[in-house]
Amino acid sequence: MKRTHHCNQLRAEDVGQKVALAGWVHGRRDHGGIVFIDLRDREGLTQIVFDPQHNQPSWERAQGLRSEFVVAVEGVVRRRPAGTDNPKLPTGQIEVLAHTLEVLNASDTPPFPIDDAGGQAGEDLRLQYRYLDLRRPPMARNLILRHKIAKAVRDYFDTHRFLEVETPILFKSTPEGAREYLVPSRVNPGKFYALPQSPQQFKQMLMVAGVERYFQIAKCFRDEDLRADRQPEFTQIDVEMSFVTREDVLTMMEGLVAHVWQAARGETLALPFPRLAYREAMERFGSDKPDTRFGMELVDVTEDFQASAFKVFRSAVDAGGVVKAINAKGLAAATQGQIEQLTETAKSFGAKGLAYIKVEGGEWKSPIVKFFSDAEKAALVSKLNIAEGDLILFGADQREAVWEVLGRLRLVVADILTRTGKLSIPNDQWNFLWVIDFPLLEYRPEEGKYYARQHPFTAALPEDEHLLETDPLKVRGSQYDLVLNGQELAGGSIRIHRPDAQKKMFEKVLQIPPEVAKARFGYMLEAFRYGAPPHGGIAFGFDRLVATLCGTNNIRDVIAFPKTAKAFDLMTDSPSEVEPKQLRDLHIQLNLES
Ligand code: ASP
């Protein structure tokens, strides 16, 4: 037996015990002829003492220990001498006086320190030596918490009679979503599988199959250009339930989130979570995933500027648009650089410029106020609660464009105010929010077609169904998103379950030619003809959820072996070239010119 305890286990009560520990040399210090090492394993650190008076051969061997050597030690637990306790370590009251030392393996000098400071090393280096990065205590903690969260998820669903069912990784290409990873089939020349973007179709088939309550901690794949918080392969908590209304799904998921928060953080969440209709979220926050930990809401002043002498506002209103504003309290002292940054943000989201007012020294400093009437100014003061030190930012355009621009500005401003200490947004405040009543469809003018905003299996709200063919953009879908502090944590919907309704969605609303619909979804339409129960579900981004609970913004910190922004695995050097024979077997010829 190489060990009796792990390295975060021994306490003052264990003094006098004979123990065996094993792990990595975290650090070594030589004090007046006595050698101390911090021995580290996944759980923590224990101080080991090698004293020549006590055991000469072990002490001699300890002289040769270097960082990350792997050792096994036997010894006796003793109280640390008075005044040498380390209150930062749970094992900080004791040490182990070593009788024996066995060196199980040596180690080269690691390319970065295996501790908190190692996190400052370049991320590419950490990814290349991921096995060393994962030894660092903060990373080991993340892996442990990820495991605990996954277990809590499974326990919760098990209690509520869900079955975890695995669905295939080799799936069928469904090109209407994100770009997919294709896998050539050797035994079916010229044919391809695709890796699933989500198990959506399989989980719906499981409902037709009578599974009733399904979940899976599922791997999903999307071949997208990666943004900071995206990975080409990622994990979802995927859920589907039969015989449910939206209410049933939301309540069951609130229970899940509460259970997970309790398990991971020992915190009790207040249920139910508030709800906001999509339209209201956009009007008030300019976002369908609003961070509600701070106000700075969008205020509508359209009616006050209907007859304005300021042409920019007036013409927006005349064109059927809106004028809205946010009050960045405390930002009147914004530097020219910051105003330029805000203007650039506005422009990058489609605004032509940025109208603003600085309220400083009792004056409104702005190139535009000379065009404002007294009534217009009075309306602004009261609706925006204007006071000394404020910076007012305007958006005047079509409604959706103003939502977008002011929604983004609200976040940039909050960031500036936070960095300058004028706004405090607590990291451990959990503003959960259901956003509901999304529009079912969007129109893409360049293609002259409607697209499903979520996916083509989402049902319309029953009260809007009659508008599907006459006024499609007015139709609200049964989609729901769970938002936490400005991030989308989960999304789902009640599905279409009648074959005629699904066929109509594909062919009439989304204008997918019948033969294409049949080739892609024929099996689904057929399955629905054999008694598909009403059903609905949801999927949580598991990596994001774990990152939030671990207190990191970077999902790569909670994924054991993540890829870079170029979808590269730096540790295994993948993707990589393959042998010509492998390609021939797959009936594939490369054309790297194009
Ligand atoms: N499959 C959907 C997604 O991956 C979620 C759902 O509707 O359940 O976003």
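Keep in mind that this is a model prediction, so the values were computed, not measured. (Residues numbered from 1 in each chain as written. Predicted model: local features only at pLDDT ≥ 70, side-chain atom pairs only at ≥ 80, totals over all residues. Heavy atoms only, no water.)

## Section: helix α13 (residues 514-528)
Quick reminder of the rule: To qualify as a helix, a DSSP run of H or I must reach at least 4 residues; to qualify as a strand, a run of E must reach at least 2; elements of each kind are numbered from the N terminus. Expected helix span is taken as 1.5 Å per residue step, with the number of steps being one fewer than the number of residues. To get the bend at any residue, fit one axis to the seven residues that end at it and another to the seven that begin at it, then take the angle between the two axes. Only protein chains enter the calculation, and the probe is 1.4 Å; a residue is then buried if its accessible area is under 20% of its type maximum, exposed if over 50%, and partly exposed in between. Any two residues having at least one pair of non-hydrogen atoms within 4.5 Å are treated as being in contact.
End to end, α13 covers just 17 Å across 15 residues, shorter than the expected 21 Å (1.5 Å per residue, more than 12% under). Along α13, the sharpest change in direction is near 80° and occurs at F521. When we look at burial in α13, the residues that qualify are A517, F521, G522, M524, L525, A527 and F528. Its buried side turned inward, α13 meets α5 (200-208), α12 (499-509) and β22 (535-541).

## Thoughts on the packing of aromatic side chains
How we decide: Only rings of Phe, Tyr and Trp enter the pairing, Trp through its six-membered ring, and a pair is recorded when the two centres are within 6.5 Å. The plane angle decides the type: under 30 degrees is stacked, over 60 is edge-to-face, the rest tilted. Only lysine NZ and arginine CZ atoms are considered, and such an atom sits over a ring when it is within 6 Å of the ring centre and within 35 degrees of the ring normal.
Tallied over the full model, the rule gives 23 aromatic pairs. Centre to centre, the rings of F157 and F162 are 4.6 Å apart; their planes meet at 55°, and the pair counts as tilted. Of the two residues, F157 and F162, neither departs from the other in class, the shared state being buried. Measuring from centroid to centroid gives 6.3 Å for W434 and Y480, while their planes differ by 90°, and the two rings are edge-to-face. Of this pair, W434 sits in strand β17 (residues 432-436) while Y480 sits in strand β20 (residues 479-484), and the two are 46 residues apart along the sequence. Residue class for W434 comes out buried when judged on its relative accessible area of 0%. With a relative accessible area of 0%, Y480 lands in the buried category. In textbook terms, an aromatic cluster arises when at least three aromatic residues are bridged by ring pairs, as seen for F305, F310, F313, F371, F372 and F394. Across the ring face of Y451, the terminal group of R444 is positioned such that the distance to the ring centre comes to 3.7 Å.

## Some thoughts on the sheet that holds strand β2 (residues 34-41)
For clarity, the cut-off: DSSP calls a pair of strands paired once it identifies at least 2 bridges connecting them. Under this scheme, a helix contributes an axis fitted over its contacting stretch, all axes are lines through C-alpha atoms, and angles between N-to-C directions fall in the 0 to 180 degree range.
With mixed pairing, five strands are arranged side by side around a closed barrel as β1-β2-β3-β5-β4. Neighbour-to-neighbour, the strand axes of the sheet open up by a mean angle of 55°, direction not taken into account. Helix-sheet contacts for helix α1 (residues 56-63) involve β1 (18-31), β2, β3 (44-50) and β5 (94-105), and the interaxial angle to β5 is about 65°.

## Re the nonpolar core
To keep things clear, this is the line we draw: Residue types Ala, Val, Leu, Ile, Met, Phe, Trp, Tyr and Cys, when buried and joined through side-chain atoms within 4.5 Å, form a set referred to as a nonpolar core.
Residues I149, F157, M253, W261 and F432 are the most contacted members of the largest nonpolar core, which totals 45 residues. Here this core gets nine residues from one element, more than from any other, and that element is helix α6 (residues 246-265). Dropping the residues within four chain positions of it, F432 is found in contact with V257, W261, L269, F273, P274, L482, V483, L484 and L489. Counting residues in each nonpolar core, the second largest holds 25 residues, with M296, L331, V405 and V413 among its members.

## A short note on the side chain of K563
Put simply, the test is: Here a polar contact is taken to be a pair of N or O atoms separated by no more than 3.5 Å, where protein atoms must pair a possible hydrogen donor with a possible acceptor and residues adjacent in sequence count only if both atoms sit in side chains.
Relative to the helices and strands, K563 resides in the loop between α14 (542-550) and α15 (580-585). In terms of polar contacts, K563 uses its side chain to reach the side chain of E233, at 2.9 Å. Excluding its chain neighbours within four sequence positions, the residues that come into contact with K563 are Q231, P232, E233, R556, F568 and D569.

## So, unusual backbone geometry
Looking along the chain, the bond that leaves L271 and enters P272 is cis, with omega of -10°. Relative to the assigned elements, P272 resides in the loop between α6 and β11 (275-277). Omega for the peptide link from S574 to P575 comes to 5°, which places this bond in the cis form. A positive phi angle, near 70°, is found at E212, a position not held by glycine. Along the chain, the position of E212 falls in the loop between α5 and β9 (213-221). Accessibility expressed as a relative area gives 35% for E212, which makes it partly exposed. In the Ramachandran plot, D573 falls in the positive-phi region, its phi being about 60° despite a non-glycine side chain. Examined against the element boundaries, D573 turns out to sit in the loop between α14 and α15.

## Regarding α6
Its 20 residues place the ends of α6 28 Å apart at the C-alpha level, agreeing with the 28 Å of an ideal helix rising 1.5 Å per residue. Residues of α6 that are buried include every one of V249, L250, M252, M253, E254, G255, L256, V257, A258, V260, W261 and A264, and no others. Positive phi appears at G266, one or two residues downstream of α6, with a value of about 65°.

## Focus on the environment of V77
Examined against the element boundaries, V77 turns out to sit in strand β4 (residues 70-79). Remark: the alpha-carbon pair of V77 and A333, spanning 256 residues in sequence, is separated by 61 Å. In this structure V77 touches L10, D14, V15, G16, Q17, V19, I94, E95 and V96, once residues within four positions along its chain are discounted.

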